[in-house]
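Breakdown of the fold
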Amino acid sequence: MTSPFRDNLLDGKVAFIAGGTSGINLGIAKRMAELGAKVAVVGRNPEKAANAAAEIGHDAIGISADVRDFGLIRGALEQTRNQFGPLNIVVSGAAGNFLAPVLGMSANAFKTVVDIDLLGTFNVFRACHDLLNVPGASLIAITAGQAVNPMQLQAHACAAKAGINQLVRVLALEWGGDVRVNGISPGPIEGTEGMARLAPDPATKAMHFERIAMKRWGFIDEIAEGAVFLCSDAAKYITGTILDIDGGSQLGDATQRKVERGLA
Ligand code: HXC
Ligand code: NAP
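Below you will find a few notes about this structure.

What counts and how
- Residues numbered from 1 in each chain as written.
- Chains lettered and ligands numbered in written order.
- Predicted model: local features only at pLDDT ≥ 70, side-chain atom pairs only at ≥ 80, totals over all residues.
- Heavy atoms only, no water.
- Core = buried A, V, L, I, M, F, W, Y, C linked by side-chain atoms within 4.5 Å.
- Buried < 20%, exposed > 50% of the residue type's maximum accessible area, 1.4 Å probe, protein only.
- Helix = DSSP H or I, 4+ residues; strand = E, 2+ residues; numbered from the N terminus.
- Contact = heavy atoms within 4.5 Å.
- Near = heavy atom within 4 Å.
- Polar contact = N/O pair within 3.5 Å; in protein donor to acceptor, adjacent residues only side chain to side chain.
- Areas by Shrake-Rupley, 256 points an atom, 1.4 Å probe, with all protein chains shown as cover.
- Nonpolar A, V, L, I, M, F, W, Y, C, P; charged D, E, K, R; others polar.
- Salt bridge = Lys/Arg side-chain N within 4 Å of Asp/Glu carboxyl O.
- Pairing = 2+ DSSP bridges.
- Axes fitted to C-alpha atoms, helices over the stretch in contact; angles between N-to-C directions.

1. Points about the nonpolar core
- Counting residues in each nonpolar core, the largest one holds 35 residues, and the members touching the most others are Phe16, Val90, Phe125, Leu139 and Val181.
- Where this core is concerned, the elements lending two or more residues are β1 (14-18), β2 (38-43), β3 (61-64), α3 (70-84), α4 (107-128), β5 (137-142), α5 (155-175) and β6 (179-186).
- Here this core takes 6 residues from α5, the largest share from any one element.
- Once residues within four sequence positions are removed from consideration, Phe125 is found in contact with Val90, Ser92, Leu139, Ile140, Ala141, Leu171, Trp175 and Val181.
- In this structure, Phe5, Ile184, Ala227 and Ile245 belong to the second largest nonpolar core, which totals 33 residues.

Next up, the structure:
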């Protein structure tokens, strides 16, 4: 992919990426490191975190911590600040997901996803504030279309991601001029754990595909470029927004639109 960003765009910046040890968030971490940022990635599995850091290169560090534990996340953030300096970019992207109807979900199953996604994002953002390089720091939460469009078998993720969208907006108001707070809502991204879990069979895959106006799956590097944009000076007047990078997946029912245009 040809990128519009110059190679040294993030020179001297420090980026902390919660959930950055695989998939979309690892792609964001790699891109930020390529553009010059010092990067820390965080996940629960220490071996996965170490492997991710090695894959990223550019002196990246991998830290094992659970976003549900405020103290552990605070420790990971302090370690990053001590090693690299005050943080310019914080991405909260850790998530858990599985398909289950509400009646097949225990209270703990619902709580588990809400705790990883929503409480985890609160913890990461709450714990980082006094370690940020201000003014000019940029926070990005990774949300999903389920925040807006209800989806069966996804009550936990729908509720959690909707909460993340509102948390983004409230923090943008509260942290005003010093810290910009935005979200990215990816569409279905090829080759990811999320896709494997949410579209485990051809029929479900076809259902997701039908919703995409652009009629192709997204790529990890398309989300990474959006994250770079949001933390760059090109976005310096943007806060409290959720950037859909989803090929038009949130625009409504694609079949219905075709019918309306006489194209079905
Ligand atoms: C019903 C389930 C379940 C299932 C787990 N549980 N899987 N209930 N159906 N398929 C229940 C368990 O029985 C338990 O409840 C509770 O959830 C917690 O389970 P644990 O295994 O103890 O939790 P934990 O070890 O913390 O693991 C969290 C996890 C796991 C979410 C369950 O899958 C995980 O670690 N996921 C991380 C990776 C991931 O999900 N990546 C995809 C993110 S993508 P009880 O009552 O028995 O105690 C994403 C997609 C976006 O968000 C949208 C794409 C279009
Ligand atoms: P993924 O590969 O499963 O990545 C999840 C990351 O979060 C891993 O690094 C994982 O590492 C970490 N993590 C999970 N639970 C954690 C916890 N409790 N504490 C700390 N880290 C934790 O997922 P993905 O599919 O790339 O999705 C990434 C993000 O994009 C998520 O926020 C997801 O909701 C969003 N999204 C994805 C899609 C898609 O198509 N995939 C679409 C829309 C939105 P450990 O397991 O080692 O902890």
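2. Section: the site of ligand 2
- If you check the shell around ligand 2, you find 30 residues, and the closest are Thr21, Ser22, Arg44, Gly93 and Thr192.
- In this structure, an oxygen atom belonging to ligand 2 sits 2.6 Å away from a side-chain N or O atom of Thr21.
- Interatomic distance of 2.9 Å between a side-chain N/O atom of Asp66 and a nitrogen atom of ligand 2.
- In isolation ligand 2 has 900 Å² of accessible area, and contact with the protein removes 89% of it.
- When residues of the shell around ligand 2 are traced back to their parent elements, those giving at least two are α1 (23-34) and α6 (193-198).
- Class assignment for the residues of the shell around ligand 2 results in 12 nonpolar, 12 polar and 6 charged.

3. Topic: the pattern of salt bridges
- For the structure shown, the criterion picks out 11 salt bridges.
- The shortest N-O distance in the salt bridge between Lys111 and Asp115 comes to 2.6 Å. With Lys111 and Asp115 both in helix α4 and 4 residues apart, this pair spans about one turn of that helix.
- The partly exposed category is assigned to Lys111, whose relative accessible area is 45%.
- Here the residues in one salt-bridge network are Arg31, Glu34 and Glu225, joined through shared partners.

4. Re the environment of Ala37
- With respect to the secondary-structure elements, Ala37 resides in the loop between α1 and β2.
- The class of Ala37 is buried, set by a relative accessible area of 2%.
- In this structure the C-alpha to C-alpha distance between Ala37 and Pro202, which are 165 residues apart in sequence, comes to 39 Å.
- Contacts of Ala37, omitting those with residues within four sequence positions, involve Leu10, Lys13, Ala15 and Met32.

5. Some words on the site of ligand 1
- Close to ligand 1 lie 18 residues; Arg44, Asn97, Ser106, Asn108 and Arg197 are nearest.
- One of the side-chain nitrogen or oxygen atoms of Ser106 is found 2.5 Å away from an oxygen atom of ligand 1.
- When ligand 1 sits alone it has 1,100 Å² of accessible area, and the protein chains cover 60% of it.
- Contributions of two or more residues to the shell around ligand 1 are made by α4 and α6.
- Residues belonging to the shell around ligand 1 are distributed by class as follows: 6 nonpolar, 8 polar and 4 charged.

6. Things to note about the sheet that holds β2
- Strands sit in the order β3-β2-β1-β4-β5-β6-β7 across an open sheet of 7 strands; the sheet is parallel. Each edge of the open sheet carries a strand with a single partner, namely β3 and β7 (242-245). Neighbour-to-neighbour, the strand axes of the sheet open up by a mean angle of 20 degrees, direction not taken into account.
- Sheet strands in contact with α1 are β1, β2, β4 (89-92), β5 and β6, and its direction is about 170 degrees off that of β1.
- Along the sheet, α3 makes contact with β1, β2 and β3, crossing β3 at roughly 160 degrees.

7. Considerations on unusual backbone geometry
- Each neighbour pair has its own omega, and for Val134 with Pro135 the value is -5 degrees, a cis peptide bond.
- If you trace the backbone, Pro135 turns up in the loop between α4 and β5.
- Here Asp59, not a glycine, exhibits a phi torsion of approximately 65 degrees, which is positive.
- The exposure class of Asp59 is exposed, given its relative accessible area of 55%.
- Residue Lys215 is not a glycine yet carries a positive backbone phi of 55 degrees.

8. As for the environment of Phe5
- Inspection of the secondary structure puts Phe5 in the segment before β1.
- Residue Phe5 is classed as buried on the basis of its relative accessible area of 16%.
- Along the primary structure Phe5 and Arg126 are separated by 121 residues, whereas in three dimensions their C-alpha atoms are 30 Å apart.
- For Phe5, the residues in contact, after removing those within four places along its chain, are Arg31, Leu35, Glu225, Val228 and Phe229.

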